[in-house]
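# Architecture at a glance
So the chains spell out like this:
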Amino acid sequence: MALTFSLGDMIETKKPHPCGGSKWQVVRTGADYKIKCLTCGRIVMLTPDELKKRVKRTLPAEG
Ligand SMILES: [Zn+2]
């Protein structure tokens, strides 16, 4: 699967965060990705492979 992510992309993960939220925003790209939980604001760092495994789908931009 060829998934790419850009800064600011909204994504939904297969498994929700412990806070109950499953929507995240990509806040850093590069060798590692950082995604921010939109429910609690926590930031998690993932490798590109880890991110691809976790993502269920990308969400349309808000607005
Ligand atoms: Zn959270």
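Placed above this text is the structure.
Residues numbered from 1 in each chain as written. Predicted model: local features only at pLDDT ≥ 70, side-chain atom pairs only at ≥ 80, totals over all residues.

## Some remarks on the overall build of the chain
- Secondary structure assignment for the chain yields one helix and five strands.
- Moving toward the C terminus, one meets the helices and strands of the chain in the order β-β-β-β-α-β.
- The C-alpha atoms of the chain give 11 Å as radius of gyration, which agrees with the globular expectation for 63 residues (11 Å, within 12%).
- Per-residue burial over the chain gives 13% buried out of 63 residues.
- Long-range pairs, those at least 24 residues apart, make up 31% of the contacts in the chain with a sequence separation of at least 6. (Helix = DSSP H or I, 4+ residues; strand = E, 2+ residues; numbered from the N terminus. Rg over C-alpha atoms; globule rule 2.2 N^0.38 Å. Buried ≥ 20, exposed ≤ 12 C-beta atoms within 10 Å, placed from the backbone. Contact = placed C-beta atoms within 7 Å.)

## So, the nonpolar core
- Among the nonpolar cores identified, the biggest contains eight residues, and these are Ile 11, Trp 24, Val 26, Tyr 33, Ile 35, Cys 37, Leu 51 and Val 55.
- If we ignore the near neighbours within four places in the chain, the residues touching Val 26 are Phe 5, Ser 6, Leu 7, Gly 8, Asp 9, Ile 11, Tyr 33 and Ile 35. (Core = buried A, V, L, I, M, F, W, Y, C linked by C-beta atoms within 7 Å.)

## Some remarks on the pairing of strand 4 (residues 43–46)
- Examined bridge by bridge, strand 3 (residues 33–37) and strand 4 share four bridges and lie antiparallel to one another. Opposite Ile 35, over in strand 4, you have Val 44 as the bridge partner.
- Hairpin connection of strand 3 to strand 4: five residues between the antiparallel strands, including Gly 41 at a positive phi of 85°. (Pairing = 2+ DSSP bridges.)

## Let's talk about the sheet that holds strand 4
- Here we have five strands laid out as an open sheet, ordered 4-3-2-1-5, and antiparallel in their pairing. At either end of the open sheet lies a strand with only one pairing partner, and these are strand 4 and strand 5 (55–59). Along the sheet, successive strands turn relative to each other by an average axial angle of 35°, direction set aside.
- For strand 1 (residues 10–13) and strand 2 (residues 23–28), the ladder comprises three bridges, and the chain directions are antiparallel. The residue of strand 2 that forms the bridge with Ile 11 is Trp 24. (Axes fitted to C-alpha atoms, helices over the stretch in contact; angles between N-to-C directions.)

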